[in-house]
Amino acid sequence: MSACRRGHVRPCHLPCSPVPLRVPVSVEPENLQKNWLREFYQVVHTHKPHFMALHCQEFGGKNYEASMSHVDKFVKELLSSDAMKEYNRARVYLDENYKSQEHFTALGSFYFLHESLKNIYQFDFKAKKYKKVTGKEIYSDTLESTPMLEKEKFPQDYFPECKWSRKGFIRTRWCIADCAFDLVNIHLFHDASNLVAWETSPSVYSGIRHKALGYVLDRIIDQRFEKVSYFVFGDFNFRLDSKSVVETLCTKATMQTVRAADTNEVVKLIFRESDNDRKVMLQLEKKLFDYVDQEVFRDNNGTALLEFDKELSVFKDRLYELDISFPPSYPYSEDARQGEQYMNTRCPAWCDRILMSPSAKELVLRSESEEKVVTYDHIGPNVCMGDHKPVFLAFRIMPGAGKPHAHVHKCCVVQ
C-alpha cells in the first residue's frame, strides 16, 4: 500500500470488515469496488463468521503500478466499514513489491477475527511456535521477511516460455481452540492461447498447472513443520478440456482453418453448422472464444459442462472439493451493465475454487452432519464483480475435533 513503508508493519486501529475478492480495478474501479464490497458484506451479514479468510490475486490489476491507490482505498474501506465493526482483530498481507520481478506475486491475504472469538493463534514459521493474535496489522511490500507467512513465486522454468508473470502462493497457519490448519492463497497459470489449448487433451497449460499445484502441495506437507489440515483457495485457472468441449458443442459442425498468409500458422478456426445456411457456431482464435449460445454456460449453472472439468482429478487423493452448484466463475464482462454476461475471450470455466485436504474435509463434513450449515457458492451473480466472480465456502468447524464439549465456531473462506 502506498502509505506503508517498504517491509514494515502498519498497525490499524479502525474497525475492520471481510470480503471475497479479486479486486476489480481495470474498469470503473470505484463503482466496481462499491458493488464488490456491497455483495461481500451481504455474505458476511448472512453467514456471520467468527473467523474469516479472504484471498485475492492480481491485486492492482494488470496496471498495478498505476492502480495501487485503488488498492489502498479498498483496504481502508474494508477496515473501517460498519459491516466489519465486530471484527476487532485482523491481519492483512499485501504483496505490492512490483519492482521485484523475481518475487512479486500480486497476492493479498486478509484474515478477520470476530470479537466473540476468544483465543486464536497464528504460527510463526521462523520461531516455529504460535503467537496469540491481537489488534490489527497490515503488512505490505516485501513479505519475504515476514515470519508469519510463507510466500513463494513459482520457479521461472515453471512459467510458459520461461517468461515471468505473477504466479505463486502465500501460506499462513492458524490455531483455534486446538484445531490447527493452513490457509494457502494460490494463483496458477492461465491459458495463453485458445488455439494451443484446443490442440491436445489434456492441454499443455493443464500440465503446467498440474506441476505447479503439485509443487505447492509437496511444499506444505514437507518435513520442516508439523503436518496439519489445509485449505487451498484462489485462482487455479482450471479450464474445461477445450478439445472435448469444442467437439461436444460443435458435434455436427464442419471446421474451417484460417492460416496467416506469411507464416502459414493457424490463426482462426471457424465451426459452421452442416445445414441451416452454414451458420457459424463457434469462432476460435488465440484470445477469442465466440460461441453462438452463451446460455449453455448458464443453464442449470452450467453443470452439464462439469464433466469436462477434469484438472482436479489428478489430485483426487490429496484434495477434496464440495459439489459445485454455481456457474463458471470466469471470464465475466467488466461492463457494469452486464453482470451476467461472459466475455468472448475464453471458454467459461470454474477457475476460482476452494479445495481442502482429506483431514480438512473431515472437519467440514463432520460439522455438517451435526447441522446442515455448509455453503459453497459464488458472490454477486447478477452484479458486475470484475472478470471473476468471487466464490466462498462457509461452514462450522469443531475446534479440538473429537472433544465432547468443543465450542463450534463459524468460519468463512472466500476467494
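Residues numbered from 1 in each chain as written. Predicted model: local features only at pLDDT ≥ 70, side-chain atom pairs only at ≥ 80, totals over all residues. Heavy atoms only, no water.

S.K.: Hey, could you go over the packing of aromatic side chains for me, with residue numbers and the actual values?
M.R.: Counting across every chain of the model gives 30 aromatic pairs. Measuring from centroid to centroid gives 5.6 Å for F154 and F189, while their planes differ by 40°, and the two rings are tilted. One end of the pair, F154, is in the loop between β8 (150–153) and β9 (168–176); the other, F189, is in the loop between β10 (179–187) and α3 (194–199), and 35 residues separate them in sequence. The class of F154 is buried, set by a relative accessible area of 1%. Judged by its relative accessible area of 2%, F189 falls in the buried class. Through a chain of ring-to-ring contacts, the aromatic side chains of F51, Y93, Y111, Y139, W174, F181, F231 and F395 assemble into a single cluster. (Phe/Tyr/Trp six-rings, centres within 6.5 Å; stacked < 30°, edge-to-face > 60°. Helix = DSSP H or I, 4+ residues; strand = E, 2+ residues; numbered from the N terminus. Buried < 20%, exposed > 50% of the residue type's maximum accessible area, 1.4 Å probe, protein only.)

S.K.: I'd like a rundown of the packing of helix α1 (residues 29–47) against helix α2 (residues 64–80), residues and numbers included.
M.R.: Packed helices, taken two at a time, are described by the angle their axes make and the gap between the axes. As a packed pair, α1 and α2 sit with axes 11 Å apart at the nearest point and diverge in direction by 30°. Considering the angle they form, α1 stands roughly parallel to α2. Two packed elements cross with a definite hand, and for α1 against α2 that hand is right-handed. Residues P29, E30, Q33, W36, L37, F40 and Y41 of α1 form the contact with α2, whose participating residues are H70, K73, F74, E77 and L78. Taken together, the residues of the contact of α1 with α2 sort by class into seven nonpolar, two polar and three charged. (Axes fitted to C-alpha atoms, helices over the stretch in contact; angles between N-to-C directions. Parallel < 35°, antiparallel > 145°, perpendicular 65-115°, else oblique. Left-handed = near helix turned anticlockwise from the far one by under 90°. Contact = heavy atoms within 4.5 Å. Nonpolar A, V, L, I, M, F, W, Y, C, P; charged D, E, K, R; others polar.)

S.K.: Let's hear about a positive patch on the surface: which residues, and what values?
M.R.: Judged by side-chain charge, K62, K163, K286 and K287 come together as a positively charged surface patch. Considering the arrangement of structural elements, one finds K287 in the loop between β14 (280–285) and β15 (288–291). (Patch = residues over 30% accessible without salt bridge, like charges linked within 9 Å, V, L, I, M, F, W, Y side chains within 5 Å. Areas by Shrake-Rupley, 256 points an atom, 1.4 Å probe, with all protein chains shown as cover. Salt bridge = Lys/Arg side-chain N within 4 Å of Asp/Glu carboxyl O. Lys, Arg positive; Asp, Glu negative; His and termini not counted. Charge placed at Lys NZ, Arg CZ, Asp CG, Glu CD.)

S.K.: Before we move on, can you summarise the pairing of strand β6 (residues 129–132) with the specific residues and values?
M.R.: As paired elements, strand β5 (residues 120–124) and β6 share four bridges and run antiparallel to each other. Counterpart to D124 in the pairing with β6 is K129. Where β5 folds back on β6, the antiparallel hairpin that results is connected by four residues, among which K128 adopts a positive phi of roughly 60°. (Pairing = 2+ DSSP bridges.)

S.K.: Any details on empty space enclosed by the protein? Residues and values, ideally.
M.R.: Following the criterion strictly, the structure yields three cavities of 30 Å³ or more and no others. When its volume is computed, the largest cavity comes out at roughly 100 Å³. Taken together, D191, N194, W198, R239, L240, S242, V246, L284, F289, R346, C347 and A349 make up the lining of the largest cavity. Counting residues per element, the ones that place at least two in the lining of the largest cavity are α3 and α5 (242–249). The residue inventory of the lining of the largest cavity, partitioned by class, reads seven nonpolar, two polar and three charged. Counted as a void, the second largest cavity has a volume near 50 Å³. As for the second largest cavity, its lining consists of F289, Y291, Q294, F297, Y342, M343, N344, R346 and P348. Looking at the lining of the second largest cavity residue by residue, the classes come out as six nonpolar, two polar and one charged. (1 Å grid on protein atoms, 1.4 Å probe; cavity = no way out; pocket = protein on both sides within 12 Å on 5 of 7 lines; lining within 4 Å. Points joined across faces, edges and corners; volume = space filled by probe spheres on them.)

S.K.: Could you give an account of the nonpolar core, with specific residues and numbers?
M.R.: Of all hydrophobic cores here, the largest spans 60 residues; its most connected members are F51, L183, F231 and F289. By residue number, the principal contributor to this core is strand β18 (residues 391–397), which donates four residues. Leave out the neighbours within four places in its chain, and F231 touches F181, D182, L183, V184, L355, M356, A360, V364 and F395. Listed in part, the 32 residues of the second largest apolar core include M68, F104, I379 and V383. (Core = buried A, V, L, I, M, F, W, Y, C linked by side-chain atoms within 4.5 Å.)

S.K.: Requested: an account of the environment of H190, with residues and values cited.
M.R.: The residue H190 is located in the loop between β10 and α3 in this model. Taking the C-alpha atoms as reference, H190 lies 9.3 Å from D235; in sequence the two are 45 residues apart. Among residues more than four places away in sequence, those in contact with H190 are K167, Y205, R209, N237 and R239.

S.K.: Describe in detail the confidence of the model for the chain, supporting the description with residues and values.
M.R.: For the chain, per-residue confidence averages 87 on the pLDDT scale, and 87% of positions sit at 70 or higher. Per-residue pLDDT stays below 50 along residues 1–26; that stretch engages in 122 contacts with residues further than four places along the chain or on separate chains. The low-confidence segment residues 402–406, where pLDDT is below 50, has four contacts with residues more than four positions distant or belonging to other chains. (pLDDT = per-residue confidence, 0-100.)

S.K.: Describe the pattern of salt bridges, and please don't skip the residues or the numbers.
M.R.: Taken as a whole and judged by the stated rule, the model has 22 salt bridges. When the shortest N-O distance is used, the salt bridge between K76 and D72 registers 3.7 Å. You can see K76 and its partner D72 sitting in helix α2, four residues apart, about one turn around the helix. The exposure class of K76 is partly exposed, given its relative accessible area of 45%.

S.K.: Account for the sheet that holds strand β12 (residues 253–259), naming residues and giving values.
M.R.: Taken in spatial order, the four strands make up an open sheet running β12-β13-β14-β15, and their pairing is antiparallel. Bordering the open sheet on either side are β12 and β15, each of which pairs with just one other strand. Averaged over all adjacent pairs, the angle separating strand axes in this sheet is 15°, with direction ignored. α5 rests against β13 (266–273), β14 and β15 of the sheet, and its axis sits at about 25° to β15.

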